[in-house]
Every structure is written in structure tokens, then in C-alpha cells.
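# Inside the fold
The lines below spell out each chain.
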Amino acid sequence: MTERRYLNDNWKFSGHFTEEMLAWEYPEQEMEEVRLPHTVKETPLHYFDEHCYQMVSGYRRTVDVPKEWKGKRLLLTIDGAAHESEVYWNGKKIGEHHCGYTAYTIDVTDEAIYGDKNVLVIKVDSREDLNIPPFGFVIDYMTYGGIYREVWIDVKEENYLKDVFVRSEGVLENEVEIISEVNLSKAAEDVIIRQSIREKGTSDYKLLGESRGSGMRVELRFPIEKAKLWDVENPNCYEVKTELVLGGETLDEQVVVTGFRSAVFKEDGFYLNGKKLKLRGLNRHQSYPYVGYAMPKSMQRMDADILKYELGVNAVRTSHYPQSHYFLERCDEIGLLVFTEIPGWQHIGDEAWKNQAVENVEDMVRQYRNHTSIILWGVRINESQDDDDFYRRTNETAHLLDVSRLTGGVRAHKKSSLLEDVYTYNDFVHDGKARGCEKKAAVTSDKKKPYLISEYNGHMYPAKAYDWEEHRVEHALRHVRVLDAVAGESDIAGSFGWCMFDYNTHKDFGSGDRICYHGVMDMFRNPKLAAYVYACQQEKEPVLAISSTMDIGEHPGCNRGETYIFTNADSVRMYKNDRFIKEYKSADSPYQNLLHGPIIIDDFIGNAIAENEKFAPAQERDIKKALNATARYGLSNLPKSVIGIAIKMLLFYRMKPEQAVTLYNRYIGDWGGASTSYRFEAIKDGKVVKTITKEPMHEVHLAAKADHTELREGSTYDVAEVRIEACDEHDNLLCFYNDPVSFEVEGPIELIGPSVAALQGGMGGTYLKTTGESGIGVLRIRSMQAKSVELTFTIEDR
């Protein structure tokens, strides 16, 4: 049976690799003690040179190899080392890998010294001039460096299960059959492959059957009775246990978590289990503030949960490379569909470079094909030009290794050579005025093949959390317009917005501070206004957001412009100084292709003029319409119909301009009077499910929330994220609060990042890391203007 030993602790690190590190008696005291995942260089949040993490570094540790392991096979796996790495065991080079985004395994059996300590050294090259994908030209994301995923040794018998690939057929016919491709480490006579199944989370396995084999590859097929299907709402998962049995003894076993589903792209869209489903997703990088790629299991799973439960999407693209299995496992568990792809960004290199890209396809498919959530393999270099010979090889490799999934390839030009099964295209046509998306027929080179939009927005309209209000609103509306347009095109399978969160990038991109502000969230996963566009499209959690602080001085000429309600409620009731103004419903949204489109607030007056002034009904209606229009458009941009009303007021009603100004200040501007308070109540099934109150702020308080407060050391350290907001007394975000906050910890936890950081747009965050000890940890957050906040964490070691 397999024994797994994780090697994530007790590493020694140096940012400068030397051959002397291979020596048995190297003075390790000159090296830094680290744990995996690890980044070669912690960076500031912004304004840093990307060369700081580009180095040839060295990792060293001793490995105790017990005598009992003699006669076994010892398989060393490095799950992710950016970007080229060489592995040395007891001073001898035993392997190398040329991709920073896939795992690799090396058999160290013959090199191990049993019953003694062994020296493991890994040389990691994170320079960006390597002749491997994604390098060769500019790249719109930082690539970081280090052994940023985990390392382990599997101890196996001489004959073991090398690989088990589980898939299913017959879902649409209600005759589900599970098919397993089992590869053995060596051929053996009279070996038995036995397979059992259970629903994940239950206790007892049910025997499916067994097969006798003598070769190195065996295919198993078993019918599944009353199979529960996997979909985005009910992601039913099963555990399939495969055992290798010889002479009545179980030599090895693997458990694969799988789901039974049919995921098919057709000419008119995407179908999950025979039902058409519009893909609504976002692109995700695997980076985090300060540590780049180096985050453990908890943070990977958190991002999947944010996408599914906070942002309400049903799909994610792992741009632009394969990402952590922990992230994919969580996607499997919660029903989040995944489009994953090989590393690369626009550039295609020489023949050696292309050969490595083809190898990357093979590694990606072999290593990730048991993830039920994956519905599409990306086998082109993102936004690259056509290269038929090259892409014929990548497609053939993916299809050879996985007959159950289609291929796609992200391009940024129309009528491209289409060797993949799905035409995937970055559609940036929407510039604020143009249509939300291109027609399929205008883009694809084969109208009979499926079509999917893989990116939109992003660089077309970056938005910082602290941009002025109308910029943030326009950023949100651009996402609305594209989503609405795609929803209205029956032959587009769906779309992936760019992108989930802001990210560090190279000097050639971003805002000059090494950040691309393309996300619907900031780098700490705090939501910008655009995040609510996506959150509104799900039904499980009530959503209510107002696009404005209702402060007219934020707008040119003190004209409010358009104010929007973002909600998934049945209706929203608006009150002004506790006076009912209007109830808004989903049908009021101009974006009717969306389940819940944003609604324009077109009335700030209600019945107030009718009740407080002595105008005839017709005059009251005209005055109300003119004042509301002035609030939205300003005097210089009034619609012609409203200008006609203004002339009517002057000539027919004999009103003087100063009367109109007085009425405007009284019912719209509210200058010089008591503070105006707006209240919005979201109504669902006749009940108030969420309330927002907007009025001039009187106090600042910090709101801090940890993603989890019970931290547990597993195969390595655990990390908790703390998201921070500066709010008023009604919990409204203070968008221009950019003051610093300080962090102080006590107990067995450490800060990741600085102890003092400035909020941006009223938002920020920090990370806490376990230290290998149990106990109670405390985080105190202080600000000059607000009361301090204290969070308590319980930490358990392994």
C-alpha cells in the first residue's frame, strides 16, 4: 500500500544557487529556513521591479529514508516549481522539469541511502529569459518564482498503480457506465484490478467488479445503477477506489473523485447533461498579494468559493496556465465549471519551445483529467497567431489522452484557422458605445462549430476601487452590457469576463504601479461595484447594492447622473427621509436578457410635491418629471421632451426660473436643510431581506472578516485571509478612505506582508500564517480614525 510523506517543512533556501549546495556537509546555517509553498521573494503590493524575483535559487533539505523502505519504489513529486528546475539527490542530478505550472515525479529508489539521511537539493530558475512557455516576449502577468506548491514522496510496492483515469458514458441515455483506464508500473502475471464505488461522504464502498490482466494497461467498464448526476446545482461526487491485487494481497490503491455528467459544446451553445446552459464566468490568475503564487490549500479553495458563492458565476477560466489541484478539487465539489489551458501569452517560440508546449499539453491533460469540473482543454497559446503544424500537434495530444473532452484555443483575431473543437475568442468590441459583443458569424471561421467568448472588458476600461464614482459605475455597466448582449445571442455558449481580481503585472502593462486594475475585485478579493453585476445573477444569497453614495458633489455640476440598483430581489422599495418614493422591480431594468439587470433610479421625489405644494395635478407631474430629469442629466443635457416641459412651465404655468431653483434645492439638491437619508429595502417573497441606508456619514469604523478562524496545519501551514473595509455607521463603504491601518499579532501566527498598509478605496486586507504550533492567535487592526478591531483564531497543529 502507498505511504505518502510530505516534505514541506525544514527546507533551507538561498536566492543564489551554487554547486557547493550539493555537498553533503554544506553549511546550511547560511541559508534561510522556509516552508512550502514558498516564494523566492516577497514583494510589496505595488511599485516594485519584476526583476526582484528573477533568480537562480536553491532549496535544500535532508530526507530520512527508513530501512523499511528498502525494496519499495520511492517516487518524489514536486507539484509546482517556477519555472525551470533541476533535482539533485545526494549530490547527483536525477531529473529536471521545464514548466512552472505542472507537476513532475522522479523515481529516487536507486539513489536513496536506506536507514540514513539523504540530501535533496532543488535548483529553481525563475528568470524570464528562459526558452520555455510562457516566456519569449512580453507577458501581462507576473510569473514569480520558487517551489510554490507542495512536495512529497510516495512509497509504493514494486508493482503499483501508475495512473487511473476515470470517465463516464451513457449519461443522456440514463445508462451510466464508468470507464477506467488503468496503467501499471510494470507487467505482471495473475494481477487483479478491483474497483469499488461510493458516494463521497458515505462510509461503505460497493464492489463494481474486477478484471485480471497481464499487461501494463487495463480498461475497466462497469454499469452504474441509479447514478446521481453532477451539475452546477447538485455536484454529486463519487469516490472510485481502484485496487491492485496480487496473490490475495492489495499492493496499491488509488481513490479518484469523479462525477457523472455530459458536458458538450454544440453549434448553438453549451449543454450540461442535455440541458442548455449559458456559461457565465470570470478569468482567474493564481496570484496573491506579497507572495505571488505561494499560497496553500485554504486560499486556493477560498477563491473557488468566492467565484461560486460571492460572485455567482458558474464557470472559471484558469488564465493562462494550469492551476492548483486544490482549486480544481473545490470546483469539483461545488459545481464550478472550468476551462483550463496550457501556459503562454501571445508569443510562439522556436521548435524547442514548441516541443515543450506540446509536452505541457500532455502533462496538463494527464494530471488534470480526473477533475469533473473541467469541460474544455485550452491547447493554443493565449492570443497567439495561427500555426497549423504546431496546433495540430497540441490538439492531437489532448484528444489522444482524453476522448471525453473537447479542445479550444484562445485567440484575439477573427476568422482564425480553426483546428480546435470550439472557437474561443477574446471579444473586446465593447468600448462603452459599441454593441456588447460580436455576432458569432462575424467571428468564427466555421459557423457549425461551437463558439465561446473567453475574455471581454479588462484592459478596455480598468477601474480602481478609489476611482471617482462615475468611473466605477461605467466599469460595472460595461460588464452588464456584455453579459446582456451575450445572453441575447442563442448561439454563443457563454463568456468569461476579464477578470476576477486585480493582479500584479509587468512594466509594459497596468497603471505604472505594476498592477492591472482589471478585476471586479481588488487584489484582496474585496468587491468593486462590478462584482455585484455577477452576484445578482444567482438566487441563493440576497444582493442589494446602490451605485452611488448619493453625494451630489461627487458629480460634475452636482448632477447625479444615472444611479443604479443592483439586486436579485423581487423588488426594491426606496424611501427618502422615511417617505416612500417608489418601488422598483426587475421588469424596470433596461437589460432584459439578464435574470437580474441593474435598475435605473428615476424618481427622487415620489408624492412629496403633490403633498407639500399647491400645484394642479398636471403641473405637479410636469414639475416632478423636469426635476428628476435635471437630477439625472443636468440642465445642459436635458432630453428634448423635458426642454419642452420647461418651456411649458415658463409660458403656460407662468413659473419663474427662481421658483424652479427653489423646488430643485428642496426636493433634489437638499442644500441648506436637514441631512437627507435614503433607505432601500430589498423584498423577496414579500419579506425584507436586505436594507441599505445612505446619508452623510458621522463616524468611521473598520469592518474586518476572516475567511476562516479555525486554522489547522495539514500537509503544510494554513493561511487565513482577512478582508478589511472602512465603513460608516450604516456599513456603507467609504470609497475615498485611503488611510493606513496597522496589524499586530500574538500567539502562534505570523503576518504575511507588512505590518502597516494603506487602505485603497476604503478596502484592504492581510494574511495570517500558522507557525507549526497550536494555540490561540490574535490579530489587532488599528487606525488613527477608527476604533481598533480584534480577531481571534484557534490554531491546531497536525
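See the structure above.
Residues numbered from 1 in each chain as written. Predicted model: local features only at pLDDT ≥ 70, side-chain atom pairs only at ≥ 80, totals over all residues. Heavy atoms only, no water.

With that settled, the discussion passes to the overall build of the protein. Across its full length, the protein carries 11 helices and 48 strands. Computed over its C-alpha atoms, the radius of gyration of the protein comes to 30 Å, within 12% of the 28 Å expected for a compact globule of 798 residues. For the C-alpha atoms alone, the extent of the protein along its principal axes is close to 105 × 60 × 55 Å. For the protein, buried positions account for 60% of its 798 residues. Excluding contacts between residues fewer than 6 apart, the proportion of contacts in the protein whose partners are at least 24 apart in sequence is 70%. Surface summary for the protein: the accessible area is close to 31,800 Å², and the carbon and sulfur share equals 48%. Taken together, the 98 basic and 127 acidic charged side chains of the protein have centroids lying 5 Å from each other. (Helix = DSSP H or I, 4+ residues; strand = E, 2+ residues; numbered from the N terminus. Rg over C-alpha atoms; globule rule 2.2 N^0.38 Å. Buried < 20%, exposed > 50% of the residue type's maximum accessible area, 1.4 Å probe, protein only. Contact = heavy atoms within 4.5 Å. Areas by Shrake-Rupley, 256 points an atom, 1.4 Å probe, with all protein chains shown as cover. Lys, Arg positive; Asp, Glu negative; His and termini not counted. Charge placed at Lys NZ, Arg CZ, Asp CG, Glu CD.)

Now for the pattern of salt bridges. Within the structure shown, the criterion is met by 67 salt bridges. Across the pair Lys684 and Glu539 runs a salt bridge, and its minimum N-O distance is 3.1 Å. Of the two residues, Lys684 sits in strand β38 (residues 678–684) while Glu539 sits in the loop between α7 (529–535) and β33 (544–546), which places them 145 residues apart along the sequence. One salt bridge in this structure joins Arg573 and Glu583, with 3.6 Å as the shortest N-O distance. One end of the pair, Arg573, is in strand β35 (residues 571–576); the other, Glu583, is in strand β36 (residues 579–585), and 10 residues separate them in sequence. Within this structure, Arg167, Glu169, Glu177, Glu181, Arg217, Glu219 and Arg221 form a network of salt bridges that share partners. (Salt bridge = Lys/Arg side-chain N within 4 Å of Asp/Glu carboxyl O.)

Bringing unusual backbone geometry into the picture now. Between Ala82 and His83 the backbone carries a cis peptide bond, its omega angle lying at 10°. Position of His83 among the secondary structure elements: in the loop between β6 (81–82) and β7 (84–89). A cis amide bond, omega 10°, links Pro133 with the succeeding residue Pro134. Here the phi dihedral of Tyr47 falls at roughly 55°; this positive angle occurs in a residue that is not glycine. Residue placement: Tyr47 occurs in the loop between β3 (32–34) and β4 (56–65).

This part is about the sheet that holds strand β12 (residues 151–156). Here four strands make up an open sheet; going across it, the order is β1-β12-β5-β9 and the pairing antiparallel. For this open sheet the edge positions go to β1 (3–6) and β9 (104–107), each flanked by a neighbour on one side alone. The sheet shows a mean angle of 25° between the axes of neighbouring strands, taken without regard to direction. Here strand β5 (residues 73–78) runs beside β9; their pairing, made up of four bridges, is antiparallel. Bridge pairing in β9 links Leu75 to Asp107. (Pairing = 2+ DSSP bridges. Axes fitted to C-alpha atoms, helices over the stretch in contact; angles between N-to-C directions.)

Judged by pairing direction, the sheet is antiparallel, and its four strands sit side by side in the order β40-β42-β46-β44 without closing on themselves. On the outer flanks of this sheet lie β40 (701–706) and β44 (749–752), each paired with one strand and no other. For this sheet the average axis-to-axis angle between neighbouring strands, irrespective of direction, equals 30°. Taken together, the seven bridges between strand β42 (residues 719–727) and strand β46 (residues 763–770) define a ladder with antiparallel strand orientation. Bridge assignment links Ala720 to a residue of β46, and that residue is Leu768. On top of the sheet, helix α1 (residues 297–310) reaches β42 and β46; it is set at about 45° to β42, its chief contact.

What follows covers the layout of surface pockets. Approximately 740 Å³ is the volume attributed to the second largest pocket. Considering the residues around the second largest pocket, the lining is formed by 28 residues, among which Val232, Glu233, Leu277, Arg280 and Asn314 are closest to the centre. Contributions of two or more residues to the lining of the second largest pocket are made by β22 (275–276), β23 (279–283), α1 and α6 (469–487). With three residues, the top contributor of residues to the lining of the second largest pocket is α6. (1 Å grid on protein atoms, 1.4 Å probe; cavity = no way out; pocket = protein on both sides within 12 Å on 5 of 7 lines; lining within 4 Å. Points joined across faces, edges and corners; volume = space filled by probe spheres on them.)

A few words on the pairing of strand β21 (residues 269–272). Bridge count for strand β20 (residues 263–266) against β21 is four bridges, and the pairing is antiparallel. By the bridge assignment for β21, Lys266 is matched with Gly269. Connecting β20 to the antiparallel partner β21 that follows it, the hairpin turn spans two residues. Two strands pair when backbone bridges link them, and β21 and β22 are joined in this way by two bridges, in the antiparallel orientation. In the sheet register, Tyr271 faces β22, and the bridge partner there is Lys276. What sits between β21 and β22 in their antiparallel hairpin is a turn of two residues, with Asn273 showing a positive phi close to 55°.

Here we come to the packing of aromatic side chains. Using the criterion set out here, one finds 24 aromatic pairs in the structure. Centroid distance Tyr6 to Trp152: 5.9 Å. Interplanar angle 65°. Geometry classified as edge-to-face. One end of the pair, Tyr6, is in strand β1; the other, Trp152, is in strand β12, with 146 residues separating them in the sequence. The class for Tyr6 is partly exposed, based on a relative accessible area of 33%. Ring geometry for Tyr144 versus Tyr293: centroids 5.1 Å apart, planes at 70°, classification edge-to-face. Here the residue Tyr144 occupies a position in the loop between β10 (116–125) and β11 (146–147), and Tyr293 occupies one in the loop between β23 and α1, the gap between them amounting to 149 residues. (Phe/Tyr/Trp six-rings, centres within 6.5 Å; stacked < 30°, edge-to-face > 60°.)

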